[in-house]
Amino acid sequence: MDISVVNALTYEEFVNLFGNVVEKCPIISAAIWSHRPFKDLADIEAHIMGFIHSLPDSGKEGILRCHPDLAGRDLQSGTLTRESQEEQSQAGMTTLDSAEIQHMYRLNSKYKERFGFPFVICARLNNKADIVRQLNERLKNDRAAERERAIEEVKNICSLRLNNIVLSDIQTKL
Ligand SMILES: NC(=O)NC1=NC(=O)NC1=O
């Protein structure tokens, strides 16, 4: 997708297209729209990261709370967003046996109890063994360090979702 096409989008078109690059946080795209014209995709990403960075800790934790648990209730009930469904499926979360689902539920609950926000990881860059290992590892972090670590994962998810939007548009043009 040519950046001039992006820069010509109306506010509604822009938020429709980019509104879920950070899970269930369309306010971020709504906020950065006013920074157009964007130089390129990296510029859009930089504005999104800048918005997230400018948030107080409570705002960052709010973003984390918008993320569905891996192999959690939303996945089991089929209510994940399209992006999350694809990501969780790709990380092997849709083919867990009942013992593995229970294990993920216990780890997610333990993490949430400790930090007050859900465990977030970029599922596309990890398989189920990585996810379990990271969950156990990151449980040892202190809250501030873990908040920053989780926000880094949100940025990884966002970056891949942005690229997906641009690439899928190019594919439709080919
Ligand atoms: N709690 C999570 O990490 N959720 C997710 N990570 C992804 O990459 N997709 C999700 O739904």
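Along each chain, residue indices are assigned from 1 in the same order as the chain's sequence is written. Reporting of local features is limited, given that this is a predicted model, to residues whose pLDDT is at least 70; pairs of side-chain atoms are given and counted only at 80 or more, and all residues count toward the totals for whole chains, interfaces and linings. Side-chain figures throughout are based on the complete set of non-hydrogen atoms in the structure, without hydrogens or water.

Chemist: Where do I start with the pattern of salt bridges in this structure?
Modeler: Side chains carrying opposite charge are able to pair once their charged atoms draw close together. The salt bridge criterion pairs a side-chain nitrogen of Lys or Arg with a carboxyl oxygen of Asp or Glu, the two atoms within 4 Å. Within this structure, the stated rule accounts for 18 salt bridges. Here arginine 161 makes a salt bridge to glutamate 23, at a shortest N to O gap of 2.8 Å. Separated by 138 residues along the polypeptide, arginine 161 in helix α10 (residues 143-173) and glutamate 23 in the loop between α2 (11-18) and α3 (26-32) bring together distant segments of the chain. One exposure class covers both arginine 161 and glutamate 23, and it is buried. Secondary structure elements follow DSSP: runs of H or I of four or more residues count as helices, runs of E of two or more count as strands, with numbering from the N terminus. When accessible area is computed with a 1.4 Å probe and restricted to protein chains, residues below 20% of their type maximum are described as buried, those above 50% as exposed, and intermediate ones as partly exposed.

Chemist: I keep staring at the UniProt feature "coiled-coil region" (unreviewed entry) in the chain and nothing clicks. Help me out?
Modeler: UniProt positions are given in the numbering used here, feature names are shortened, and annotations may be inferred rather than shown by experiment. Mapped onto this numbering, the UniProt entry gives "coiled-coil region" (unreviewed entry) at residues 122-149. As annotated, residues 122-149 has a helix share of 64% and a strand share of 0%, and its two end C-alpha atoms lie 11 Å apart.

Chemist: Sorry, what's going on with the domain arrangement of the chain here?
Modeler: A common way to express how large an interface is: the accessible area buried when the components associate. Domains assigned within the chain are domain 1 (3-62) and domain 2 (68-169). Centre-to-centre, using C-alpha coordinates, domain 1 lies 22 Å away from domain 2. Any pair of residues with heavy atoms lying within 4.5 Å of one another is described as a contacting pair. Counting from both sides, the interface comprises 17 residues of domain 1 and, opposite them, 20 residues of domain 2. The interface formed by domain 1 and domain 2 contains five salt bridges. Two N or O atoms count as a polar contact when they lie within 3.5 Å, although within protein this holds only if one can serve as hydrogen donor and the other as acceptor, and sequence-adjacent residues are included solely when both atoms are side-chain atoms. Across the domain 1-domain 2 interface, the total number found is 10 residue pairs in polar contact (both at pLDDT 80 or more). Each domain's extent was defined by an automatic or database domain assignment.

Chemist: Teacher, can you tell me more about the site of the ligand here?
Modeler: Residues in contact with the ligand, as listed here, are Pro68, Leu70, Ser84, Glu87, Gln88, Phe119, Val120, Ile121, Cys122, Ala123 and Ile157. Between proline 68 and the ligand, the recorded distance is 2.9 Å, taken from a backbone N or O atom to a nitrogen atom. Here the open area of atoms and residues is found with the Shrake-Rupley method and a 1.4 Å probe, where only the protein chains shown may cover a residue. Within the complex, the protein chains bury 100% of what would otherwise be the 300 Å² of accessible surface of the ligand. Per-element tally for the shell around the ligand: the top contributor is helix α7 (residues 82-90), with three residues. Split by residue class, the shell around the ligand holds eight nonpolar, two polar and one charged. Whether a residue is near a molecule or strand depends on its heavy atoms: if one lies within 4 Å, it is near. Each residue gets one of three labels, nonpolar for Ala, Val, Leu, Ile, Met, Phe, Trp, Tyr, Cys and Pro, charged for Asp, Glu, Lys and Arg, and polar for the others, Gly among them.

Chemist: Is there a simple way to think about the UniProt feature "domain: Oxo-4-hydroxy-4-carboxy-5-ureidoimidazoline decarboxylase" (unreviewed entry) in the chain in this case?
Modeler: When the UniProt feature table is mapped onto this chain numbering, "domain: Oxo-4-hydroxy-4-carboxy-5-ureidoimidazoline decarboxylase" (unreviewed entry) sits at residues 7-163. From the first C-alpha to the last, residues 7-163 spans 16 Å; its make-up is 66% helix and 0% strand.

Chemist: How should helix α5 (residues 57-65) be read in this particular structure?
Modeler: Structural remark: α-helix, 3.6 residues per turn; residues separated by three or four positions point the same way. Looking only at α5, the buried set comprises Lys60, Glu61, Ile63 and Leu64. Along α5, the residues classed as buried sweep out an arc of 150 degrees about the axis, all on the same side. This arc describes the spread of directions from the helix axis toward the C-beta atoms.

Chemist: Would you explain the state of the cysteines in this entry?
Modeler: Throughout this description, disulfide means a covalent bond between two cysteine sulfur atoms. In this description, the term disulfide denotes a pair of cysteine sulfurs within 2.5 Å. All chains considered together, the criterion is met by zero disulfides. Cysteine 25 forms no disulfide, and the closest cysteine sulfur to it belongs to cysteine 66, at a distance of 3.8 Å. Given a relative accessible area of 26%, cysteine 66 falls into the partly exposed group.

Chemist: Whenever I open this one, unusual backbone geometry confuses me. Can you help?
Modeler: Peptide bonds are mostly trans, and most non-glycine residues show a negative phi. Cis geometry marks the peptide bond from arginine 36 to proline 37, where omega comes out at 5 degrees. Structurally, proline 37 is set in the loop between α3 and α4 (41-54). Of note in this structure, lysine 24 is not a glycine but carries a positive phi near 55 degrees. By the secondary structure assignment, lysine 24 is in the loop between α2 and α3. Residue alanine 71 is not a glycine yet carries a positive backbone phi of 60 degrees. On the secondary structure map, alanine 71 appears in the loop between α5 and α6 (73-77).

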